Amino acid sequence: MATGIRDKVAIIGMGCTRFGERWESGAEELLVEAFTECIADAGIEKKDIQAAWLGTSVDQVNVGGSALPLSTSLRLPYIPVTRVENYCATGTEAFRGACYAVASGAYDICLAQGVEKLKDTGYGGLPSGGSSSGSLSWLYWPNATAPGSFAQLASAYMARYNVAADDLKRAIGHVSVKSHANGVNNPKAHLRKPVSLEQVLAAPMIAWPLGLFDCCGVSDGSACAIVTTPEIAKDLGKKDLISVKALQLALSSGEELSFNEWRGDHFVTTDKASTKAYAEAGIKNPKDEISMMEVHDCFSITELVTYEDLHISERGQAWKDALDGFYDADGKVPCQIDGGLKCFGHPIGASGLRMIYEMYLQLLGRAGDRQLKDPKFGLTHNLGGFPFQNVAAISIIGRYGA
Amino acid sequence: MIGITSFGAYIPRLRLNRGAIFMNMGWYNPSIIAVAQGERSCCNWDEDSLTMAVAASRECLTGLDRNQIDAVYLASTTMPFSDRQNAGILATTLNLREDIQTSDFTSSQKAGTDALLTALDVVTGGDKKTILVAAADTRTAKPASSYEMWYGDGSAAMTVGDQDVIAEFKGGYSVAIDFVDHYRGTQNKFDYTWEERWVRDEGYSKIIPQAVGGLFQKLGIGMDQVDKLIFPCYFKAEHRKIAKKLGADADKLVDNMHEVCGEMGTAHPLMMLASTLEKAEPGQRIVVAGFGQGSDALYFEVTENIKKLPARLGVAGHLAKKKTLDNYPKFLSFRDMAEKEMGIRSEAPTQTALTVLWRKRKMILGLVGGKCRDCGTPQFPKMDICVNPNCNHVKSLDDYEFADEPAKVMTYTGDMLAFSIDPPAIYGMIEFDGGGRFLADFTDCELDDVSVGKPVSMSFRRRYTDKARGFTGYFWKAIPQAEASA
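Residues numbered from 1 in each chain as written. Chains lettered and ligands numbered in written order. Predicted model: local features only at pLDDT ≥ 70, side-chain atom pairs only at ≥ 80, totals over all residues.

Bringing the sheet that holds strand 13 (residues 294-302) of chain B into the picture now. Backbone-to-backbone hydrogen bonds join strands into a sheet, with any given pair of strands oriented parallel or antiparallel. Residue and element names in this part refer to chain B. With respect to topology, 9 strands assemble into an open sheet ordered 5-4-6-7-1-8-13-12-11, the strand pairing being mixed. What marks the edges here is a single partner per strand, and that holds for strand 5 (101-105) and strand 11 (228-230). In this sheet, adjacent strand axes meet at a mean angle of 20 degrees when their direction is disregarded. Here strand 11 runs beside strand 12 (residues 285-289); their pairing, made up of 3 bridges, is parallel. Paired with leucine 229 across the strands is valine 287, a residue of strand 12. (Pairing = 2+ DSSP bridges. Helix = DSSP H or I, 4+ residues; strand = E, 2+ residues; numbered from the N terminus. Axes fitted to C-alpha atoms, helices over the stretch in contact; angles between N-to-C directions.)

Next up on the list: the interface of chain B and chain A. The partner chain A presents 37 residues to the 43 residues of chain B that form the contact. Listing elements by their share of the side of chain B that touches chain A, those giving two or more residues are helix 11 (354-359), strand 19 (413-415), strand 20 (425-432), strand 21 (437-441) and strand 23 (471-480) of chain B. For the side of chain B that touches chain A, the residue count by class is 25 nonpolar, 12 polar and 6 charged. (Contact = placed C-beta atoms within 7 Å. Nonpolar A, V, L, I, M, F, W, Y, C, P; charged D, E, K, R; others polar.)

Packed helix pairs are specified by the crossing angle of their axes together with the interaxial distance, meaning the distance between the axes. Residue and element names in this part refer to chain B. For the pair helix 2 (residues 49-60) and helix 3 (residues 86-93), interaxial distance at closest approach is 10 Å and the crossing angle is 45 degrees. Accordingly, the angle class assigned to the pair helix 2 and helix 3 is oblique. In terms of crossing hand, the pair formed by helix 2 and helix 3 is right-handed. Every residue of helix 3 that contacts helix 2 at Leu50, Ala53, Val54 and Ser57 is listed here: Asn86, Ile89, Leu90 and Thr93. Within the contact of helix 2 with helix 3, the residues separate by chemical class into 5 nonpolar, 3 polar and no charged. (Parallel < 35°, antiparallel > 145°, perpendicular 65-115°, else oblique. Left-handed = near helix turned anticlockwise from the far one by under 90°.)

Right, let's talk about the packing of helix 6 (residues 196-219) of chain B against helix 7 (residues 236-245) of chain B for a bit. All names here are of chain B. Where helix 6 meets helix 7, the axes come as close as 10 Å, and the angle between the chain directions of the two elements is 40 degrees. Note on packing geometry: the crossing formed by helix 6 with helix 7 is right-handed. Across the interface between the two elements, Arg200, Tyr204, Ser205, Ile208 and Pro209 from helix 6 touch Glu238, Ile242 and Lys245 from helix 7. Among the residues forming the contact of helix 6 with helix 7, the class breakdown is 4 nonpolar, 1 polar and 3 charged.

At the junction of phenylalanine 380 of chain B and proline 381 of chain B, the peptide bond is cis and its omega measures out at 0 degrees in the coordinates. In this structure, proline 381 of chain B sits in the loop between strand 16 (378-379) and strand 17 (397-401). Residue proline 424 of chain B is reached from proline 423 of chain B by a cis peptide bond, and omega for that bond is 0 degrees. Assignment of secondary structure puts proline 424 of chain B in the loop between strand 19 and strand 20. One non-glycine residue, arginine 75 of chain A, lies in positive phi territory at about 55 degrees. In this fold, arginine 75 of chain A is placed in the loop between helix 2 (68-73) and strand 3 (81-84). For arginine 75 of chain A, a count of 8 C-beta atoms within 10 Å puts it in the exposed group. A positive phi angle is found at glutamine 336 of chain A, which is not glycine, with a value near 60 degrees. Mapping glutamine 336 of chain A onto the fold places it in the loop between helix 13 (318-324) and helix 14 (340-344). Residue glutamine 336 of chain A is classed as buried on the basis of its C-beta count, with 29 C-beta atoms lying within 10 Å. (Buried ≥ 20, exposed ≤ 12 C-beta atoms within 10 Å, placed from the backbone.)

This next bit is on the domain arrangement of chain A. Residues and elements named next belong to chain A. By the assigned domains, chain A splits into domain 1 (10-119 + 220-235) and domain 2 (145-206 + 244-399). Each of domain 1 and domain 2 has a C-alpha centre, and the two are 24 Å apart. Contacts between the two partners involve 33 residues from domain 1, matched on the other side by 30 residues from domain 2. Contributions of two or more residues to the side of domain 1 that touches domain 2 are made by strand 1 (10-16), helix 3 (90-103), strand 4 (109-116) and strand 7 (221-228). The dominant element in the side of domain 1 that touches domain 2, judged by the number of residues it contributes, is helix 3, at 8 residues. For the side of domain 1 that touches domain 2, the residue count by class is 17 nonpolar, 11 polar and 5 charged. (Domains from an automatic or database assignment.)

Moving on, we get to helix 2 of chain B. Residue and element names in this part refer to chain B. Taking 1.5 Å as the rise per residue, helix 2 with 12 residues should run 16 Å; its terminal C-alpha atoms sit 16 Å apart, in good agreement. Where burial is concerned, most of helix 2 is hidden: 12 out of the 12 residues are buried. For helix 2, every residue scored as buried is listed here: Ser49, Leu50, Thr51, Met52, Ala53, Val54, Ala55, Ala56, Ser57, Arg58, Glu59 and Cys60. (Expected span 1.5 Å × (residues − 1).)

Listed below in structure tokens is the structure:
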């Protein structure tokens, strides 16, 4: 009978590049930058890594297919390297592969790395796939962008919970203001200036009702983790082990898009994945027990409804909790303490691992000006796709044995 | 008795104010003021002759059994394909039987009346009982030409058969005369026109009377046995003169519709005929003639069945449903006549896998989804496993048509980032009252027209044009309705 992942995997090293418009670096250079920090943190040699997982999403403008970009950039010595992709949840997907490999006993030490080089497209926003995104979907899907797809949550949420447009706009505006305030304290973030609610509300409209400041930018970056079993970690002399408490995914069955129940206002997947993650981690009351979280704030509205899907805000109340500062740095459950996708941008393959990176630093007391007081459990929520069809990936990490 | 059994019309919502054309191009050609009255209909950027023909045909088929249709004839000089049966695409959108004949009538402005006359003759022949005839055109003229003022976009459709005939066909007469008032070579985008005086004096003024006169002689009738006379002619004065010469006074001559929509190419004689039928009384006798390198003239008598025809928007309804466009550059842009910065985002690949289009032709062109035999859930698209989580049976779905099902807006947005010919791109989830839903583009609306819960109706539209490969892709879009109605 399976017993889940809790306390079977320890993270012994992590690395993360500065995210941003890295004009001077290609994916090959970003991989080395993150890996260099990570292997130093782990205190092992490259030859100790027995298998690796590469997460990267947009083939056409990035590194192309296969896992060879990782094995060749890092000069990995003919070890197994697997390429994984699950839209924007790719980073967590790479982490899962490495974790299950060591938990299974198949390997001792594994590497999970995500990278994305998006700033070679020549324009802002995610690249448009056109007919190369799917030969059937090309024939009938609207030419939807990410902002437009997620913006739809707003019309549905307002209709369902009778929230006035102005109130919702201020609530989602506050989500971004809060994240920017956190990004100020993060030298690795792309955007490090604070913004005011007035600025957010006055920003040009991108996809109604999301304005410029409700949307995260597109950027370049890489992040990685080296994992092993707690036993091996102790043998390597590691103290204060950080371990994985839960790793859960939930993917749409097609019901949101074709069945008659979902109302368009939340993520069915996040609701289900988080329930399983809390059970796996032994968390009974997330509102009290989750010390901090990084959620997929590609858009402010996504973060807002996610507060409810993670069972921390009550249904229909997230907008009030946001305005109350519940998720601010000095709130009950600080969210995006590192600045989030909002300040880092979203190099797709890297984001999930960047989220885990911040939770890891916080748990080890290494988060500098962003340090929270004595955090216990950190949750990451990494979402790929659209509200109407998506992959929700949740990880919970904490101190080993806690 | 054989004749017309139903009719339908479609006039695009947008009406370009002719004054706007003059405002923008009058500096170049002041003479166009002479024909700058009223408005001309123009396609939205996502419409073309085929999409308009689908709309007119759907209206025509109100209350009729589509399985009875034995042939589809589509007339147009502006078909999207020169070699791919356009009438066949039309048949697929309507989910007609496979064992039918489809035929495109083209290359002349009289193709509409050609198609109608041929359909009547074929039904008379006995092998086919019901034929759908549709005519549509979206003719493009050079800016600052009189023709830009005269042309409108639109479509009209009729069914022809021997059951419940509303206008009995009494006979037809054709003349074929290679009078080249204008032409368009296969490689050309625009028509080439000759001197208007010659076209009026030697063309319309001689050929229309020749055809109508020939019809009268063949049937042994005169203008006193005609209540309504229909024929196209841009030149209003000439239109009246020809009618007068034929012995028809002002009440008999059906207006050429210049001020309200413009002349719609092959569709025009049928549009004027539809407009006449929707006001007709039983017993009225109608002559309708086309014009284009000759003429076909047809004679009908309206029957009592005209009173029993189920309601439809018709010409009058479509004329009323309009939005005036004062923006001439927008008109040019919608017709792809104004090069503009589309950004690198618009460079995304646009290839159509014809194998996928074949496999999914009912889904894409016919908006056919599935309904589970076991749990009754309608769903789009139709897949091998039922989407109902309490069912999930394998291969349990039968075909289910969504195009005529009422639906409502569930979510929406106006996207300024997505590449669009008419930003913002408006799209969202729609859910059908009877079950089923999908993510749809909204069209014929502004963002303020859309709200959660608003009823929508489905419309067949152009989705994309792959210029490099010369392909046009189509799918269905949702139009927000002003009120909940059929």
